[in-house]
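Below, each chain spelled out in residue letters.
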Amino acid sequence: MSATDRPARIERVMIVAKRQRPKALVVARQVARLLARHRIPIVYDPDTARALGRRGVGRRPQGRGAEVDLYVVIGGDGTLLSVARSIAARPRPILGINLGGLGFLTETSVEETEAVLEEVLRGHYRLEQRMSLQVSHVRAGRILTRRSVLNDVVINKGALARIVDLGVTVDRQFVTTYKADGLIVSSPTGSTAYSLSAGGPIIHPAMAALLIAPICPHTLTMRPLVVPETSRVEVTLRTDDSEVYLTLDGQVGYPLKAKDRVRVTRGPRPVLMVRSGRKTYYDVLRHKLHWGER
C-alpha cells in the first residue's frame, strides 16, 4: 500500500449500491443529490440504475464507467470487493460506505457520508494503493481462468469431502504438502478476512507480501507462512476423490480436479482506496476486533 500525494480532481462519479438493501438505495439518492449540488455528472451500474428506476443511465464498470474519477460503493466489504474485481484492468479510486458497522474496507459510516464526500470533492483525502493478487487456474497445461482479486484465493473441500492434499511450491521450490480442509493465499488486505479465522496473522496493508494459511491442518505444526510479494505461489491438488473448489474473494467459485494447479502472484495493478483520514487502520482493527474491551 502507498498513498498518492495529489488526489485527482473528481469530475465524474459512478454510484454502486447493494440493491437488496433498501437503505443502500436511500443513501444512493442522498449521494446523488449532493453530487448534483456540485454539478458533478453521475452514472450508475446497471443494477443500481434499475433499482432506482433510472432508465438509460446504467453503465457497466468494465465499459464506459471505467472513465469515471470515483466509485462510491454503498453496501459492505463484499460489494466493494465485487467492484474492485470488475475494474481491475482499469483501477479507479473507490470510496466505500458501510451500511452497518465499520467495515475493514468500507470504513465510512452512513452518518459520515455527506461530510466525507464533501471532503473528497475538495481534494481532502488520501488515496491508498492496496496490493492485489492475480490467480490462474491451470488444467493440463491450459489456463482455464485468470482473475484479479483484492482479498484472497481459497482452495477448500466440499461439505462431505475428506481432508485434501495440497502440494505447495514458492518460486518453483517445494514447500510442503498440506493435509487440511483447504488453503488460503491472501494479500495483506485480505489477512483480516478468512485467513484471520483460520489463525493467520494480521498483516498491515502497507506491507508487500503474500500469506499462505492452511485451513484446519491435520498436523498442528503446519503454520501460516508469509512470503515476499515477488513470489509465485503454486498449489497442486493431489486428491482425486473429493469435491474441491477454488473461491476468489469468497464470491466467485470454480470446481477443481485432481492435478489442477492454482498459481498466485502479485497483481499487475493495485486497488485504489479513498481514505478520508478520519480513521486510522488501527482504529478499524480496534473497533472490528473489539480490542481493549472486557
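Residue positions are given per chain, counting from 1 as you read along its sequence in written order. Given that this is a predicted model, residues contribute local features only at a pLDDT of at least 70 and side-chain atom pairs are listed and counted only at 80 or more, while totals for whole chains, interfaces and linings are drawn from all residues. Hydrogens and waters are ignored; side-chain quantities use all the structure's heavy atoms.

Draft legend 1. Quick look at the overall build of the protein. Going along the chain from the N terminus, every DSSP run of H or I of four or more residues is numbered as a helix, and every run of E of two or more is numbered as a strand. On a plain count of helices and strands, the protein comes out with 6 helices and 20 strands. By the compact-globule yardstick of 19 Å for 294 residues, the protein fits well, its C-alpha radius of gyration being 20 Å. Buried means the residue's accessible area, taken with a 1.4 Å probe over protein chains only, is under 20% of the maximum for its type, while exposed means over 50%, and partly exposed covers the values in between. Out of the 294 residues belonging to the protein, those deemed buried represent 51%. Within the protein, contacts between residues separated by at least 24 positions form 69% of all contacts whose residues are at least 6 apart in sequence. Throughout, the radius of gyration refers to the C-alpha atoms, and the reference size of a globule is 2.2 Å times the residue count to the power 0.38. Note on contacts: a residue pair is in contact if any heavy atoms of the two residues lie within 4.5 Å.

Draft legend 2. Focus on the nonpolar core. Counting 31 residues, the largest nonpolar core has Ile15, Val31, Leu70 and Ile74 as the members making the most contacts within it. Within the residue set of this core, elements represented by two or more residues are β2 (13-17), α1 (22-37), β4 (70-75), β5 (94-98), α4 (113-121) and β20 (271-275). Of all the elements, α1 adds the most residues to this core, at 8 residues. Once residues within four sequence positions are removed from consideration, leucine 70 is found in contact with Ile10, Arg12, Val13, Met14, Pro93, Leu95, Leu117, Val120 and Val274. We call a set of buried residues a nonpolar core when its members are Ala, Val, Leu, Ile, Met, Phe, Trp, Tyr or Cys and they connect through side-chain atoms within 4.5 Å of each other. In terms of nonpolar packing, the next biggest core, distinct from the first, is built from 28 residues, Val135, Leu183, Val185 and Leu256 among them.

Draft legend 3. Spatial organisation of the pairing of strand β17 (residues 244-248). Counting buried residues in β17 gives 4 out of 5 residues, a clear majority hidden from the surface. Here, a strand pair is defined by DSSP locating no fewer than two bridges between the strands. Pairing of strand β10 (residues 152-157) with β17 involves 5 bridges; the strand directions are antiparallel. The partner of isoleucine 155 across the bridge, within β17, is leucine 246. Bridge analysis of β17 against strand β18 (residues 252-256) gives 5 bridges, and the strand direction is antiparallel. The residue of β18 that forms the bridge with tyrosine 245 is proline 255. Where β17 folds back onto β18 in an antiparallel hairpin, the turn is made up of 3 residues, including aspartate 249, whose phi is positive at roughly 55°.

Draft legend 4. How the structure looks around the pairing of strand β9 (residues 142-149). Pairing geometry for strand β8 (residues 133-139) and β9, over 7 bridges, is antiparallel. Note on β9: the bridge partner recorded for valine 135 is arginine 147.

Draft legend 5. Representation of the packing of aromatic side chains within the structure. Only Phe, Tyr and Trp rings are paired, with Trp represented by its six-membered ring, and only when their centres lie within 6.5 Å; those with planes under 30 degrees apart are stacked, over 60 edge-to-face, the remainder tilted. Scanning the model with the defined rule gives 1 aromatic pair in all. Consider the rings of tyrosine 281 and tyrosine 282, whose centres lie 5.9 Å apart with planes at 70°: the pair is edge-to-face. Judged by its relative accessible area of 17%, tyrosine 281 falls in the buried class.

Draft legend 6. Examining unusual backbone geometry more closely. With a phi close to 55°, alanine 140 is a non-glycine residue in the positive phi region. With respect to the helices, strands and loops of the structure, alanine 140 is situated in the loop between β8 and β9. For histidine 290, which is not a glycine, the phi torsion comes out positive at approximately 60°. The residue histidine 290 is located in the segment after α6 (281-288) in this model. Accessibility expressed as a relative area gives 49% for histidine 290, which makes it partly exposed.

Draft legend 7. Spatial organisation of the sheet that holds β17. One open sheet holds the 6 strands; their spatial order is β15-β14-β13-β10-β17-β18, and the pairing between them is antiparallel. Unpaired on one side and paired on the other, β15 (225-228) and β18 mark the two borders of the sheet. Neighbour-to-neighbour, the strand axes of this sheet turn through a mean angle of 20°, independent of strand direction. Structural elements are reduced to axes, namely lines fitted to C-alpha atoms, with helices fitted over the stretch in contact, and the angle between N-to-C directions of any two is expressed from 0 to 180 degrees.

These results come straight from atomic positions and should not be treated as a statement about function.
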